[in-house]
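One-letter residues, chain by chain:
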Amino acid sequence: MTPKRGFSAAAWASSPTALLLGVYLVAHVAMVLTGGRSEITTASTETLMKFGASYAPLVREGQLHRLVASMFLHIGLLHLLMNSAALLSIGPTLERDYGPTRFVAIYLASGVMGSVASVLWHLREPVVSAGASGAICGAIAAGAVRAHLDGPKRSDERRMLVSWAVATLAFGALIQADNAAHVGGLLAGGALGWLARKRARGSERPVAASALVVIVVMVAFGGSVLLREHSDTAPAKVNQGVDLARGGDLDGAIAAYRRALVLEPRDPTAHYDLGLALEQKDDFEAAIVHLERARELEPSPDHLRALVGAHINHGVSLANKGDLQGAIAAYRRALLLDEGSVPARRNLALALGEAGDRAGGIAELERTLAAQPSEDLQRALVSLLVRDAGELARAGKHREAIVQYRKAIGLEPNDSRTYVDLGDSLLEIDDADGAVAALEKAAKLEDSVEVRELLARAIEARRDARADAGDLSGALDDLGRATLLGLAPPPDAGVDSGARP
């Protein structure tokens, strides 16, 4: 029997087209009831994922129900209305051309193939995808094939459907829609339309077609319900990790970031946040691996600073454990990334000094200071110069020590301890005049018992030198000064001056 061109109200109510439209509507209402009124106009990613939106990483893990459920979901009210209008325009025609069951089979298979195409296209850069467009594109392609096979009498319809398909792809490109799903649906619908071109003769009840829709919908959304707790995207897991880290649960945050990277290994934010969390756990080597990966995927000043900081902190950790060579290597790696890093340069110089290469550390700091003046670096250089001078003095190399003390004083002229040490070394080489001058400066900066005693000793040495040279007047003056220093205690006499041992 030739199918009628018009649908009665009863026939329309029982048609698979009406059932598919009903599923669209019910799914959208369910999302609104779950996610709130804001879901009416724009569905959130979280809600879409819970209801079964397509997402390549989860499909790859075995959540195949998403390939089907996603074709019944819509991202917003406008999306729903557009696809509903398209299905209403093409559905009844295909029901007549192919019969209800074959129409449903073409529709569902096209939708699934559209989802598969989307997943394959977005394997490296996953997106959350939902909508009936792939299935509808398949229906359009099947309609165009049928119109072509029916010859000239339907040529206008064929041109209209082809134009519709082209317009869909153009509009999809314009709004950056998921054209991979559109193309997959078009190809599948065209092929299936060709294979199903010979429809069984006689009338066909839509019961089987409707039952097929119901079964597929129940299986697809049943999977969504069962796997509801495993529906997070990589960005959602990153956000969860951030919340856990802020709450002090670093282990939970690390687990969340690792799960995000299982889903999307190329997510720079997940690598970055995981690196920072691992650094807080003192797992510097793993932290550096992830921070380097974040920088490779998305070069940015923040990623560079974090990576440099991780190398520096790794160096500090190694230095604290006594591994100075490892620390030096870590600081050098930081400087390869950012040669202007003051903390890395300072720590490298101090580590070189600790490792016995004080000359290398001093040269490193002097070179850096010449190019980039910094109070922090200057203090580090003074510290290293004084340390080097002390080691030289203890080794009996007082002349070399004096050179270093004077360099340190040139950078920091208000450190009384350096003047004291300089005066002591000058006494060792019998430079009483220089020792007195250095110790007099020290006394002005810190009037302490130790400084007075050493100054009195220097004055006595100068007195002896003057007496030997025949300068009796100068010798008498020095004798008087030394006597006064011995008789007049400083204001803090008897109190620990806090001088360095």
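### Describing the overall build of the protein chain
Check the secondary structure of the protein chain and you find 25 helices and 2 strands. Computed over its C-alpha atoms, the radius of gyration of the protein chain comes to 41 Å, more than 25% above the 23 Å expected for a compact globule of 501 residues. For the protein chain, the spread of C-alpha atoms along the three principal axes comes to 145 × 40 × 30 Å. Sorting the 501 residues of the protein chain into buried and exposed places 47% on the buried side. The contacts of the protein chain with a sequence gap of at least 6 include a subset with a gap of at least 24, amounting to 64%. Counting every atom, the protein chain has about 24900 Å² of accessible surface; 58% of that belongs to carbon and sulfur.

### So, unusual backbone geometry
Here Asp 282, not a glycine, exhibits a phi torsion of approximately 65°, which is positive. Note on placement: Asp 282 falls in the loop between α14 (268-280) and α15 (284-297). Taking the relative accessible area as the measure of exposure, Asp 282 reaches 55% and is therefore exposed. At Asp 430, a residue that is not glycine, the phi angle is positive and equals roughly 65°. Taking the relative accessible area as the measure of exposure, Asp 430 reaches 70% and is therefore exposed.

### Describing helix α10 (residues 179-195)
With 17 residues, α10 should cover 24 Å at 1.5 Å per step; its first-to-last C-alpha distance of 24 Å lies within 8% of that length. Of all the positions in α10, only Asn 179, Ala 180, Ala 181, His 182, Gly 184, Gly 185, Leu 186, Ala 188, Gly 189, Gly 190 and Gly 193 are classed as buried. Those residues of α10 that are buried lie in contact with α6 (77-98), α7 (100-121), α8 (133-149) and α9 (155-174).

### A few points about the layout of surface pockets
Computed from the structure, the largest pocket encloses a volume of approximately 800 Å³. Forming the boundary of the largest pocket are 36 residues, of which His 79, Ser 133, Ala 177, Asp 178 and His 182 lie nearest the centre. At the level of secondary structure, the elements contributing two or more residues to the lining of the largest pocket comprise α6, α7, β2 (128-129), α8, α9 and α10. Of the residues forming the lining of the largest pocket, the biggest block, 6 residues, is contributed by α8. Here the lining of the largest pocket is built from residues that sort into 18 nonpolar, 17 polar and 1 charged.

### Side note on the pattern of salt bridges
The full count for this structure, using the stated rule, is 25 salt bridges. For Arg 146, the salt bridge identified is with Asp 150, shortest N-O distance 3.8 Å. Judged by its relative accessible area of 15%, Arg 146 is buried. Here the salt bridges share partners, and the residues they tie into one network are Asp 97, Arg 146, Asp 150, Arg 154 and Glu 157.

### Examining the packing of aromatic side chains
By the definition in use, this model includes 2 aromatic pairs. When the centroid spacing of 6.3 Å and the interplanar angle of 50° are considered together, the rings of Phe 103 and Tyr 107 count as tilted. Residue Phe 103 and its partner Tyr 107 are both found in helix α7; the two are separated by 4 residues, about one turn of the helix. Of the two residues examined, Phe 103 and Tyr 107, each falls in the buried class. Over the face of the ring belonging to Tyr 98 we find Arg 146, whose NZ or CZ atom lies 5.4 Å from the ring centre.

### Overview of α8
In this model, α8 (17 residues) spans 24 Å end to end at C-alpha, consistent with the 24 Å of a helix rising 1.5 Å per residue. Counted residue by residue, α8 has 15 buried out of 17 residues, so it is predominantly covered. Phi turns positive, to about 85°, at Gly 151, one or two residues after α8.

### Here we look at the nonpolar core
Of all hydrophobic cores here, the largest spans 63 residues; its most connected members are Tyr 24, Phe 72, Leu 73, Leu 87, Tyr 107 and Ile 136. Here this core takes 9 residues from α8, the largest share from any one element. Beyond its immediate stretch of four places on either side in the chain, Tyr 24 contacts Met 71, Phe 72, His 74, Leu 80, Asn 83, Ser 84, Leu 87, Tyr 107, Ala 132 and Ile 136. Within the second largest apolar cluster, 24 residues are counted, among which are Ile 402, Tyr 419, Ala 442 and Val 451.

### Points about empty space enclosed by the protein
This structure, assessed with the given rule, holds 1 cavity of 30 Å³ or more. The calculated volume of the largest cavity comes to roughly 30 Å³. As for the largest cavity, its lining consists of Ser 54, Tyr 55, Ala 56, Ser 118, Val 119, His 122 and Val 127. Elements with a contribution of two residues or more to the lining of the largest cavity: β1 (54-55) and α7. Along the lines of polarity and charge, the residues of the lining of the largest cavity split into 4 nonpolar, 3 polar and no charged.

Reading the values: the criteria
Residues numbered from 1 in each chain as written. Predicted model: local features only at pLDDT ≥ 70, side-chain atom pairs only at ≥ 80, totals over all residues. Heavy atoms only, no water. Helix = DSSP H or I, 4+ residues; strand = E, 2+ residues; numbered from the N terminus. Rg over C-alpha atoms; globule rule 2.2 N^0.38 Å. Buried < 20%, exposed > 50% of the residue type's maximum accessible area, 1.4 Å probe, protein only. Contact = heavy atoms within 4.5 Å. Areas by Shrake-Rupley, 256 points an atom, 1.4 Å probe, with all protein chains shown as cover. Expected span 1.5 Å × (residues − 1). 1 Å grid on protein atoms, 1.4 Å probe; cavity = no way out; pocket = protein on both sides within 12 Å on 5 of 7 lines; lining within 4 Å. Points joined across faces, edges and corners; volume = space filled by probe spheres on them. Nonpolar A, V, L, I, M, F, W, Y, C, P; charged D, E, K, R; others polar. Salt bridge = Lys/Arg side-chain N within 4 Å of Asp/Glu carboxyl O. Phe/Tyr/Trp six-rings, centres within 6.5 Å; stacked < 30°, edge-to-face > 60°. Lys NZ or Arg CZ within 6 Å of the ring centre and 35° of its normal. Core = buried A, V, L, I, M, F, W, Y, C linked by side-chain atoms within 4.5 Å.

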